[in-house]
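Coordinates in review
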Amino acid sequence: QVARTHEPRYDVTALKEELKMHRIQVLSKQFNLDSEAGQQVGVTLFPTAGSQAYDRPPLIKDRSDYERLHKWSIDDPAGFWAEIAKDFFWSKKWDDNHHTYNFDMRKGRIECNWFKGGKTNITYNCLDRWVASGHGNQLCFIWEGNDLGHERVMTYQQVLNDVCRVANWLRAQGVKKGDCVTIYLPMICELPIAMLACARIGAVHSVVFAGFSADALAQRIQDCKSKLLFTSSAVNRGPKRVDLKHIVDDAISIAERNGYKGVKRVLVYEKSALPREQTPWVAGRDVWWRDEIPNRPEFCSPEWMDAEDPLFMLYTSGSTGQPKGVLHTTGGYMVQTGTANKYVFDLRPGDVYWCTADCGWITGHTFLTYGPLLNGASCVLFGSTPAYPDPGRCWNMIEKYKVRVFYTAPTLLRSLMQFGDKWVTAHDRSSLRILGTVGEPINPHAWNWFNEVVGEKRCPIVDTWWQTETGAAMITPLPYAWATKPGSATLPFFGVQPVILNDKGEELQGACEGILAIKKPWPSIMRTVYGDHERFEKTYFSAFKGYYFTGDGCRRDEDGYYWITGRVDDVINVSGHRVGTAEVESALTSHPQCAEAAVIGTPHNIKGEAVYAYVTMLSESDCTPAMKKELVEIVKRQIGSFAIPDCIHWAPGLPKTRSGKIMRRILRKIATGAYDELGDTSTLAEPGVVDTLISMKGK
Ligand code: 6R9
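The shown structure was predicted, so the numbers you read here are calculated from the model rather than taken from an experiment. (Residues numbered from 1 in each chain as written. Predicted model: local features only at pLDDT ≥ 70, side-chain atom pairs only at ≥ 80, totals over all residues. Heavy atoms only, no water.)

Focus on the overall build of the protein chain
Secondary structure summary: the protein chain contains 21 helices and 31 strands in total. For the protein chain, whose C-alpha radius of gyration is 25 Å, the value lies close to the compact-globule estimate of 27 Å for 699 residues. Dimensions of the protein chain, computed from C-alpha atoms along their principal axes, come out at roughly 80 × 65 × 60 Å. Within the protein chain, the proportion of its 699 residues that are buried is 62%. (Helix = DSSP H or I, 4+ residues; strand = E, 2+ residues; numbered from the N terminus. Rg over C-alpha atoms; globule rule 2.2 N^0.38 Å. Buried < 20%, exposed > 50% of the residue type's maximum accessible area, 1.4 Å probe, protein only.)

What follows is the structure, given as structure tokens:
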């Protein structure tokens, strides 16, 4: 039993200070939306034909409104963002020359600072601010689990209390500012709560998507030297149970075998999918959430963080080597994430907002946890799969919770489209105002379906392009402000200056196509690869000197709209999840009978891209269906189910240049059967391999 402290919940002097300098008045005015509701406003440019007037004046009225602000943000980034940052609470204001950066490798180390000298805590801005201004009873989370009827709501006050309880528990375990904590939880309210609890005390969270395997989790625990882990006993996903605690135990054993013995505590949330008695247990290390958390004090004073102190890291796949820990810091991430969420979704406090991402990905950090809470939204959290128990699940939830903003991935739309429109039209979608997509290019067919069937042609679609590394949306429509085109992310967000480069690194002008790079830094850019700053510099700043290299190809049209054409590096985008070809290859070649592997992405109707693997075995007699199963298992075990190849193509040899480089271009053509588009094969060391590969297709 932990004694309850009598710490006053709010420091009145601090509150007064806040009222004075942080525009609580403005915030409360924003809450008072009733007076605006129903008012017809004179918006002139509608995003889609037949759209009706919006129910309130959008924050950004039109393209010229946007252009004025965008120009300011580019001409005077420090001034622009300092003005925006005043809408957040800082316990100490930033220095005058807060924004400094170097994007040019020729001038030494890449570095980037925003709001330097300022102090804040993001959870104070996400939670206390709303509670202190009288909105503690507003809904913060609306959760729906795997099974129908599993529902739960939490108010801002309740979430704040739970975050504080967990934060107090973390402190009691000796977790300090700067320590890394790994979170391996399914989509339950406790997942964002655990993230916020870390942020409350300045611990750096590393959320690992609960679909990753034990090997992948082990690697991520080891890399950041986590001493503490959050997980749950198990979780049901659709008709299947996933035993998360088992996976965690395996991961810790693997890490130990690799020499990392640092995990001292595992906090386990009990899910009905697997009751306590049946959950594997390591006494002394494992503890139950229900035993540890509820009796902790419900207030925990926030750790005031320097703007440039780390907030979290998130592992993501690159074109080479192991996944990298993308590190984000406090001030810049907070300001830009809050601002992006506000403008991209025209979000106001109290809006019912649903982002279908899992917190295991960056979208779940920026647009499901931090962004919407910074704006006081009521967030729907969904812990199941979209077609379970039937394909009407999502549309039913939109009707039930009167969802205003629905933000999802093209792959979800494509997977639901195939069941027909009746699942959608059976539900009332009149609450919807704004639709969004993220994660991969959206094909016009899916875009049109989203627009016509889901949004009844009255909701703009914001197709938001961004990355784990960028922290927040970079190229995106602002709803109701300008016309959209199916498949285009349209225009850059405030502070973002995209350029299109040719192979030589020269900026192309006007309508053109090339490689997408960003010219100047923005507040929420990642600051480093955890523990490997050189890799950060090499990956993002060495390809084109003076620019941030995105890894994406892009076209700009006559209207200045941007169209992302897909990755130009060796990263595959499967259902919006990044998979490095090198990671899959390394899993395949870890099989003792496998000599070599080359992995590419091929177009897939639903997933966008699928993993396609060419595999060379040591002996031809190993090329059997049973071996294919073994190889699939190995990928599943080392990475996770989502990275499993859709096709394993036996390759007695691979097409290589004389210097030994695999020509993936040719592999892509063979995979899609485009044999007459193989192009120049004269640089191949052994041109004969092409015919052999074609003859092996489907074997
Ligand atoms: C947010 C997120 C980043 C990669 C990115 C690009 C692709 C994301 C997109 C898109 C076209 C969009 N991508 N959004 N491509 N249109 N609207 O997904 O981050 O997981 O790091 O992936 O996803 O290829 O480079 P992350």
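Focus on the confidence of the model for the protein chain
Counting all residues, the mean pLDDT for the protein chain is 90, and 92% of those residues have values of 70 or more. For this predicted complex, the interface score ipTM comes out at 0.99, while the overall pTM is 0.89. (pLDDT = per-residue confidence, 0-100.)

Some thoughts on the sheet that holds strand β23 (residues 512-518)
One open sheet holds the five strands; their spatial order is β22-β21-β23-β25-β26, and the pairing between them is antiparallel. With one partner strand each, in any of the chains shown, β22 (507-508) and β26 (562-567) form the two edges of the open sheet. Examined bridge by bridge, strand β21 (residues 498-501) and β23 share four bridges and lie antiparallel to one another. In the strand pairing of β23, Leu-501 is matched with Ile-515. (Pairing = 2+ DSSP bridges.)

Focus: the pattern of salt bridges
A side chain of one charge can pair with a side chain of the opposite charge when the charged atoms of the two come close. Scanning the entire structure with this criterion turns up 46 salt bridges. The residue Asp-162 makes a salt bridge to Arg-165 at a minimum N-O spacing of 2.7 Å. Taken together, the residues Asp-162 and Arg-165, both in helix α6 (residues 156-172) and three residues apart, mark about one turn of the helix. According to the relative accessible area criterion, Asp-162 is buried, its value standing at 15%. Of the residues examined, Arg-165 reaches a relative accessible area of 15% and is grouped as buried. Its salt-bridge partner being Glu-298, residue Arg-165 comes within 3.2 Å of it at the nearest N-O pair. In this pair, Arg-165 is assigned in helix α6 and Glu-298 in the loop between α10 (289-292) and β13 (305-306), connecting sequence segments 133 residues apart. Connected through salt bridges with shared partners, the residues Asp-55, Arg-56, Asp-346, Arg-348, Asp-351, Arg-404 and Arg-433 form a single ionic network. (Salt bridge = Lys/Arg side-chain N within 4 Å of Asp/Glu carboxyl O.)

Some remarks on the side chain of His-591
Relative to the elements of secondary structure, His-591 occurs in the loop between α18 (581-589) and β29 (594-604). Those residues in contact with His-591 that sit more than four places away from it in its chain are Met-627, Glu-630, Leu-631 and Ile-634. (Contact = heavy atoms within 4.5 Å.)

Looking at the site of the ligand
Inspection of the region around the ligand gives 17 residues, with Asp-463, Thr-468, Asp-552, Arg-567 and Arg-578 positioned closest. Within the backbone of Gly-439, an N or O atom sits 3.1 Å from a nitrogen atom of the ligand. Within the side chain of Arg-567, an N or O atom sits 2.7 Å from an oxygen atom of the ligand. Bound to the protein, the ligand loses 97% of the 530 Å² it would expose on its own. Those elements that place two or more of their residues in the shell around the ligand are α12 (362-374), β20 (461-464) and β26. (Near = heavy atom within 4 Å. Polar contact = N/O pair within 3.5 Å; in protein donor to acceptor, adjacent residues only side chain to side chain. Areas by Shrake-Rupley, 256 points an atom, 1.4 Å probe, with all protein chains shown as cover.)

Observations regarding helix α3 (residues 63-75)
Taking 1.5 Å of rise per residue, the 13 residues of α3 would be expected to cover 18 Å, and the 18 Å separating its terminal C-alpha atoms lies within 8% of that figure. Looking at α3, one finds that the buried residues are Asp-65, Tyr-66, Leu-69, His-70, Ser-73 and Ile-74. Along α3, the residues classed as buried sweep out an arc of 155° about the axis, all on the same side. α3 presents Arg-68, Lys-71 and Asp-75 as exposed residues on the side facing more than 90 degrees away from its buried surface. Where the residues of α3 are buried, they touch α4 (77-85). (Expected span 1.5 Å × (residues − 1). Arc of directions from axis to C-beta.)

Regarding helix α11 (residues 330-344)
Look at α11: 21 Å from first C-alpha to last across 15 residues, which is about the 21 Å you get at 1.5 Å a residue. For α11, the buried fraction is high: 15 of the 15 residues fall into the buried class. Looking one or two residues past α11, Asp-346 carries a phi angle of roughly 45°, positive in sign.

Regarding the packing of aromatic side chains
Applying the stated criterion to the full structure yields 47 aromatic pairs. Relative to Phe-541, the ring of Phe-536 lies with its centre 5.3 Å away and its plane at 70°, an arrangement referred to as edge-to-face. Exposure class is identical for Phe-536 and Phe-541. Each is buried. Judged by centre distance (5.5 Å) and plane angle (10°), the rings of Tyr-540 and Tyr-548 are stacked. (Phe/Tyr/Trp six-rings, centres within 6.5 Å; stacked < 30°, edge-to-face > 60°.)

Some remarks on the UniProt feature "domain: AMP-binding enzyme C-terminal" (unreviewed entry) in the protein chain
Residues given the UniProt feature "domain: AMP-binding enzyme C-terminal" (unreviewed entry) here are residues 583-661. From the first C-alpha to the last, residues 583-661 spans 17 Å; its make-up is 27% helix and 32% strand. (UniProt positions renumbered as here; feature names shortened; annotations may be inferred.)

Observations regarding the sheet that holds strand β7 (residues 204-207)
By way of backbone hydrogen bonds, the strands of a sheet pair with one another, either parallel or antiparallel. The sheet built from eight strands is open, its strands ordered β12-β11-β8-β6-β7-β14-β15-β24 with mixed pairing. Both outer strands of the open sheet, β12 (286-288) and β24 (528-529), are each paired with one neighbouring strand and no more. Here strand β15 (residues 324-329) pairs with β24 via two bridges, running antiparallel. Within the sheet, the bridge partner assigned to Leu-327 lies in β24 and is Thr-528. α6 contacts β8 (228-232), β11 (265-269) and β12 of the sheet and is inclined by roughly 140° relative to β8. (Axes fitted to C-alpha atoms, helices over the stretch in contact; angles between N-to-C directions.)

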